Amino acid sequence: MELDKDRCFKMNDGNRIPALGFGTYSPDAVQKSKCEEATKVAIEVGFRHIDGAFIYGIEEEVGRAVHEKIADGTVKREDIFYTGKLWNTFHRPELVRSCLEQSLKKLKFDYLDLFIIHNPMSLKPGTDTLPKDENGKFIFDVVDLRQTWEAMEACKDAGLVKSIGVSNFNIRQLEMILNKPGLKYKPVLNQVECHPYLNQGKLLAFCKSKDILLEAYSVLGSQRDKIWIDQSTPVLLEDPVLGAVAKKYNRSPALVALRYQLQRGIVVLFKSYTKKRIEENFQVFDFQLSEEDMKIIDGMNKNRPYGHLEQLVDHPQFPFKDE
């Protein structure tokens, strides 16, 4: 998985994905308003890969930011690589296209560059994106994800998306798709939580063996959002091992954490609302970690995720019980 001169990785369908992406998850209204501005700044700084999702509720703002940068001549639509995600309440094959079309309408785009299944845990279809029963428990749905995948393939054939992939899938779930009779397109990538405390070595090796890219979120140890994040997990960027490597290169721990993933052949997502940080983290291409320092960072692995999804742990498609 070598970076090309445009700092992109080639996917198994022949399309290319910029190795560094800008994330747009915004948990509240204040952050949503900041996200539109930050997306414009990211495009100005040089980011061409923007990672979004139906469930983020931010696609209108992100679309506005992109269109503004197209209107002022900074970029053309084909310069931007936008990822959208199929939410869990749309897993039934007859609903897949409607989720995609809603995203396209909000973004005011004719197509998505990449459309991925957000995670394998199907939820009850309907207008409520997080359906719960009277006891506050999520209402699951049972869907054969191979049928969901066929509907994803149909979206690609219809020209609504250029590439299709998955997110938060484990090896067993990837194999289920790859071994599906009549498979038309392999997933181009699997987007997962990945950082020095959870380096996903086994999953990365499997994906490489199948020519599937791994794409990392929470690369800096996440935003500590109480809904999804285990608050007892240590703060990655304060780790002395990472700090010592960063000092050696005269770079920030964040830059070293980003660079570590790129050198492993992983697509990296990063998010900030601060212009200074956005500019700084785009400098990830300006230095290289030695093999020795890569091994030191490998040694930080604790197989410890930041994300905790206790409410979904009983779901038959819960992906995080497997190694």
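Structure: above.
This report concerns the structure included in the present document. (Residues numbered from 1 in each chain as written. Predicted model: local features only at pLDDT ≥ 70, side-chain atom pairs only at ≥ 80, totals over all residues. Heavy atoms only, no water.)

**Thoughts on the layout of surface pockets**
So, point 1. Estimated volume of the second largest pocket: approximately 380 Å³.
So, point 2. Along its surface, the second largest pocket is lined by 21 residues, and Cys 8, Arg 16, Pro 18, Asp 79 and Phe 81 are the ones closest to its centre.
So, point 3. Listing elements by their share of the lining of the second largest pocket, those giving two or more residues are β2 (16-18) and β7 (161-167).
So, point 4. Each residue belonging to the lining of the second largest pocket can be placed in one class, and the counts come to nine nonpolar, four polar and eight charged. (1 Å grid on protein atoms, 1.4 Å probe; cavity = no way out; pocket = protein on both sides within 12 Å on 5 of 7 lines; lining within 4 Å. Points joined across faces, edges and corners; volume = space filled by probe spheres on them. Helix = DSSP H or I, 4+ residues; strand = E, 2+ residues; numbered from the N terminus. Nonpolar A, V, L, I, M, F, W, Y, C, P; charged D, E, K, R; others polar.)

**Structural notes on helix α7 (residues 240-249)**
So, point 1. Within α7, burial applies to Leu 242, Val 245, Ala 246 and Tyr 249. For α7, the angular spread of buried residues about the axis comes to 100°, placing them on one side. Residues of α7 that are exposed and angled more than 90 degrees away from the buried face: Pro 240, Lys 247 and Lys 248.
So, point 2. The elements touched by buried residues of α7 are α8 (253-263) and α10 (291-298).
So, point 3. Put simply, Asp 239 is the residue that caps the front of α7, since its side-chain oxygen is 2.8 Å from the backbone nitrogen of Val 241.
So, point 4. Phi turns positive, to about 55°, at Asn 250, one or two residues after α7. (Buried < 20%, exposed > 50% of the residue type's maximum accessible area, 1.4 Å probe, protein only. Arc of directions from axis to C-beta. Contact = heavy atoms within 4.5 Å. Polar contact = N/O pair within 3.5 Å; in protein donor to acceptor, adjacent residues only side chain to side chain.)

**Examining the nonpolar core**
So, point 1. With 94 residues, the main nonpolar core has Ile 17, Leu 112 and Leu 289 as its most contacted residues.
So, point 2. The biggest single contributor to this core is α8, with six residues.
So, point 3. Once residues lying within four places of it in the same chain are set aside, the contact partners of Ile 17 are Arg 7, Cys 8, Phe 9, Met 11, His 49, Phe 81, Leu 114, Leu 189, Leu 213, Glu 215 and Val 267. (Core = buried A, V, L, I, M, F, W, Y, C linked by side-chain atoms within 4.5 Å.)

**Thoughts on the state of the cysteines**
So, point 1. Taken as a whole and assessed by the stated rule, the structure comprises zero disulfides.
So, point 2. Cys 207 supplies the cysteine sulfur nearest to Cys 8, a cysteine that is in no disulfide, at a spacing of 19 Å.
So, point 3. Exposure remark for Cys 8: the relative accessible area of 8% places this residue in the buried category.
So, point 4. Lacking any disulfide linkage, Cys 194 is separated from the closest cysteine sulfur, that of Cys 207, by 10 Å. (Disulfide = S-S within 2.5 Å.)

**As for the environment of Gln 200**
So, point 1. When you line up the elements, Gln 200 lands in the loop between β8 (189-193) and α6 (201-209).
So, point 2. Using a relative accessible area of 19% as the deciding quantity, one classes Gln 200 as buried.
So, point 3. The sequence separation of Gln 200 and Val 188 amounts to twelve residues, and the corresponding C-alpha distance is 17 Å.
So, point 4. Apart from the residues lying within four places of it in its own chain, the contact partners of Gln 200 are Val 192, Glu 193, Cys 194, Leu 214 and Arg 264.
So, point 5. Within the structure, Gln 200 has its side chain in polar contact with the backbone oxygen of Glu 193 (distance 2.8 Å).

**Overview of the sheet that holds strand β3 (residues 20-23)**
So, point 1. With parallel pairing, the eight strands of this closed barrel are ordered in space as β3-β4-β5-β6-β7-β8-β9-β10. Sheet twist, expressed as the mean angle between neighbouring strand axes with direction ignored, is 30°.
So, point 2. Of the pairings in the sheet, the one linking β3 to strand β4 (residues 49-51) comprises three bridges and is parallel in character. Its bridge partner lying in β4, Phe 22 is registered against Ile 50. (Pairing = 2+ DSSP bridges. Axes fitted to C-alpha atoms, helices over the stretch in contact; angles between N-to-C directions.)

**Section: the environment of Arg 92**
So, point 1. Within the fold, Arg 92 resides in the loop between β5 (81-86) and α3 (93-107).
So, point 2. For the pair formed by Arg 92 and Val 142, sequence separation is 50 residues and the distance between their alpha carbons is 8.8 Å.

**Topic: the pairing of strand β9 (residues 213-217)**
So, point 1. Counting buried residues along β9, four of its five residues qualify, which places the element largely inside the surrounding structure.
So, point 2. Note: β8 against β9, five bridges, orientation parallel. From the neighbouring strand, Asn 190 faces β9, where its bridge partner is Leu 214.
So, point 3. Chirality of the crossover, the property in question, places the unit of β8, α6 and β9 among those that are right-handed.
So, point 4. Of the strand pairs in this sheet, β9 and strand β10 (residues 267-270) are connected by two bridges, and their pairing is parallel. Paired with Glu 215 across the two strands is Val 267, which belongs to β10. (Right-handed = clockwise from strand over helix to strand, strands pointing away.)

In short, geometric facts, not functional conclusions.
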